[in-house]
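# Observations on chain architecture
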Amino acid sequence: MPIDGLATQLRKGVIEYCVLAMLKEMPRYGGEVIQMLRARGELVVSEGTIYPLLSRMRSEGLVETEWRDTPGGAPRRYYRLSRSGQKAVAQFRDEWFRFRDSVDNIFRNGARQ
Amino acid sequence: MTATHAAQLVDEYLQRLKRELTDLSPDSRNEIIDEIRRHIAEERGGLADESDATLMNLLERLGDPRDIAAEALGSKKPRTSVATTRRFGTLEVLALILLVAAWPVGAILLWVSKTWTRREKLLGTLIPPGGYPAVLLIMSTFHWITAASEAGPAWVDVTVSALLFTTSLVALIAPVGMIVYLATRLRAR
């Protein structure tokens, strides 16, 4: 597998949960989520893909939306974590730390018996 | 510098996105296009110096409409396949019971069901071939062989008896084992 494809595969599995985690503290609009992702490294290549992702998470009931007026601008659609979204984040968190520890363990100590 | 082709660039981008999203439900398509249109408008508002180059840069960061459509459509696919994966019902339970009691009917139901894989169906059909009716038939044949071997030397009798006993045991256990296996495959779904 080319390393480029590998990065894409890795991103694909976690991006959904990263977006959910960003909505944990407060509702945010799409552009805000994208800015945060941009500031936190190379998690998204095509930023526009966040919108279909948010749309899907809404139809799956992980997030809820509401329109909010912005002073001097067009209203924005804000995404808020639903109860099942909160559960998904918590589950992913536990799973992720276990997974990460296992992989770290292999890469740090794998060569030694 | 000004973006002389601004309206055209944005319009083209959104048109391409619309085309790529044709297969999506109208609701989802409109929602995604609307959000991206708003995103572009907002980002443009934040540009200190809008030129064709900065605008193109903005659209490039958003990504190829094909990638956005792939995310939108790709996420649809697994969901439809999950929806069509059927959990087991009366048909599967009936198939398992009849596979032992009335083999031909059970085997047909086994193949009718969409829950098992082809490999599992093949295993279920061949082990045991014919279910318990066939097993009983085979065992009655064995009985006849045993009776015939008793006429021969003692070691033949013992060997044949041991062989037939083992075969009978396997023939009796195999169908139950297969039913248990097929049932666990159902639970794994």
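Residues numbered from 1 in each chain as written. Chains lettered and ligands numbered in written order. Predicted model: local features only at pLDDT ≥ 70, side-chain atom pairs only at ≥ 80, totals over all residues. Heavy atoms only, no water.

## Description of the overall build of chain A
Scanning chain A from terminus to terminus reveals 4 helices and 3 strands. A globule of 113 residues ought to have a C-alpha radius of gyration of about 13 Å, yet chain A, at 17 Å, is considerably larger. Classification of the 113 residues of chain A by burial places 38% in the buried group. Relative to all contacts within chain A whose residues are 6 or more apart in sequence, the contacts with residues 24 or more apart total 48%. When the accessible surface of chain A is split by element, carbon and sulfur atoms take 52% of a total near 7300 Å². The distance from the centre of the 19 positive side-chain charges to the centre of the 14 negative ones in chain A is 2 Å. (Helix = DSSP H or I, 4+ residues; strand = E, 2+ residues; numbered from the N terminus. Rg over C-alpha atoms; globule rule 2.2 N^0.38 Å. Buried < 20%, exposed > 50% of the residue type's maximum accessible area, 1.4 Å probe, protein only. Contact = heavy atoms within 4.5 Å. Areas by Shrake-Rupley, 256 points an atom, 1.4 Å probe, with all protein chains shown as cover. Lys, Arg positive; Asp, Glu negative; His and termini not counted. Charge placed at Lys NZ, Arg CZ, Asp CG, Glu CD.)

## A short note on the packing of aromatic side chains
Residues and elements named next belong to chain A. For the coordinates displayed, the defined rule picks out 4 aromatic pairs over all chains. Look at Tyr29 and Tyr78: their rings are 5.5 Å apart centre to centre, the planes differ by 65 degrees, and that puts the pair in the edge-to-face class. With Tyr29 in strand β1 (residues 28-29) and Tyr78 in strand β3 (residues 73-81), this pair connects stretches of sequence that are 49 residues apart. Accessibility assignment for this pair places Tyr29 and Tyr78 in one class, buried. Measuring from ring centre to ring centre gives 5.8 Å for Phe92 and Trp96, while their planes differ by 20 degrees; the resulting arrangement is stacked. Of the two residues, Phe92 and Trp96 both sit in helix α4 (residues 83-109), 4 residues apart, roughly one turn of that helix. Of the residues examined, Trp96 reaches a relative accessible area of 32% and is grouped as partly exposed. (Phe/Tyr/Trp six-rings, centres within 6.5 Å; stacked < 30°, edge-to-face > 60°.)

## Quick word on the sheet that holds β3 of chain A
Residues and elements named next belong to chain A. Read across the sheet, 3 strands follow the order β1-β3-β2 without closing on themselves; strand pairing throughout is antiparallel. Each edge of the open sheet is held by one strand with a lone partner, namely β1 and β2 (63-70). Packed on one face of the sheet, helix α3 (residues 50-59) meets β2 and β3 and runs near 120 degrees to β2. (Pairing = 2+ DSSP bridges. Axes fitted to C-alpha atoms, helices over the stretch in contact; angles between N-to-C directions.)

## Structural notes on the domain arrangement of chain B
Assigned domains of chain B: these are domain 1 (6-83) and domain 2 (90-188). Taking only C-alpha atoms into account, the centre of domain 1 of chain B sits 59 Å from that of domain 2 of chain B. (Domains from an automatic or database assignment.)

## Some words on the interface of chain A and chain B
Taken together, the contacts link 24 residues of chain A with 19 residues of chain B. Regarding the contact of chain A and chain B, the summed buried area is about 1800 Å², with carbon and sulfur atoms giving 47% of it. For the salt bridge of Arg76 of chain A with Glu42 of chain B, the shortest nitrogen-to-oxygen distance reads 2.5 Å. Here the side of chain A that touches chain B gets 7 residues from one element, more than from any other, and that element is α3 of chain A. Broken down by class, the residue content of the side of chain A that touches chain B amounts to 10 nonpolar, 7 polar and 7 charged. (Buried area = accessible area lost by both parts, 1.4 Å probe. Salt bridge = Lys/Arg side-chain N within 4 Å of Asp/Glu carboxyl O. Nonpolar A, V, L, I, M, F, W, Y, C, P; charged D, E, K, R; others polar.)

## Remarks on the pairing of β3 of chain A
Residue and element names in this part refer to chain A. Here 2 bridges tie β1 to β3, and the two strands are oriented antiparallel to one another. In the strand pairing of β3, Tyr29 is matched with Tyr78. Note that β2 and β3 share 7 bridges and pair antiparallel. Each residue of the ladder has a partner; that of Glu66, found in β3, is Tyr78. The loop that links β2 with its antiparallel partner β3 comprises 2 residues; one of these, Gly72, has a positive phi angle of about 75 degrees.

## Remarks on the nonpolar core
The biggest cluster of nonpolar side chains holds 41 residues, and the ones touching the most others in it are Val19 and Ile50 of chain A together with Ile36 and Ile40 of chain B. Broken down by element, this core gets its largest block of residues, 6 residues, from helix α1 (residues 6-20) of chain B. Apart from residues no more than four positions distant in its own chain, Ile36 of chain B is found in contact with Gly48 and Tyr51 of chain A together with Tyr13, Leu14, Leu17, Leu62 and Ile68 of chain B. Core analysis: the next-biggest nonpolar cluster, separate from the first, contains 12 residues, Ala107, Trp116, Met178 and Ile179 of chain B among them. (Core = buried A, V, L, I, M, F, W, Y, C linked by side-chain atoms within 4.5 Å.)

## Details of the packing of helix α6 (residues 90-101) of chain B against helix α9 (residues 131-149) of chain B
Residues and elements named next belong to chain B. The interhelical angle for the contact between α6 and α9, taken along N-to-C directions, is 15 degrees, at an axis separation of 3 Å. Taken together, α6 and α9 sit at an angle that is classed as roughly parallel. Facing α6, whose interface residues are Leu99, Val100 and Ala101, α9 presents Gly131, Tyr132 and Pro133. (Parallel < 35°, antiparallel > 145°, perpendicular 65-115°, else oblique.)

## Re the packing of helix α2 (residues 26-46) of chain B against helix α3 (residues 52-62) of chain B
Residue and element names in this part refer to chain B. Between α2 and α3, the least distance of the axes is 11 Å, while the angle of their chain directions is 140 degrees. Relative to α3, the element α2 lies oblique. Seen from above, α2 lies across α3 with right-handed handedness. Facing α2, whose interface residues are Ile36, His39, Ile40, Glu43 and Arg44, α3 presents Leu55, Leu58, Leu59, Arg61 and Leu62. Classifying every residue of the contact of α2 with α3 by side-chain character gives 6 nonpolar, 1 polar and 3 charged. (Left-handed = near helix turned anticlockwise from the far one by under 90°.)

## Observations concerning the confidence of the model for chain A
Averaged over every residue, the pLDDT of chain A is 91; residues scoring 70 or more account for 94%. The secondary-structure element of chain A with the lowest mean pLDDT is helix α1 (residues 3-22) of chain A, recorded at 88, while β1 of chain A shows the highest, at 97. (pLDDT = per-residue confidence, 0-100.)

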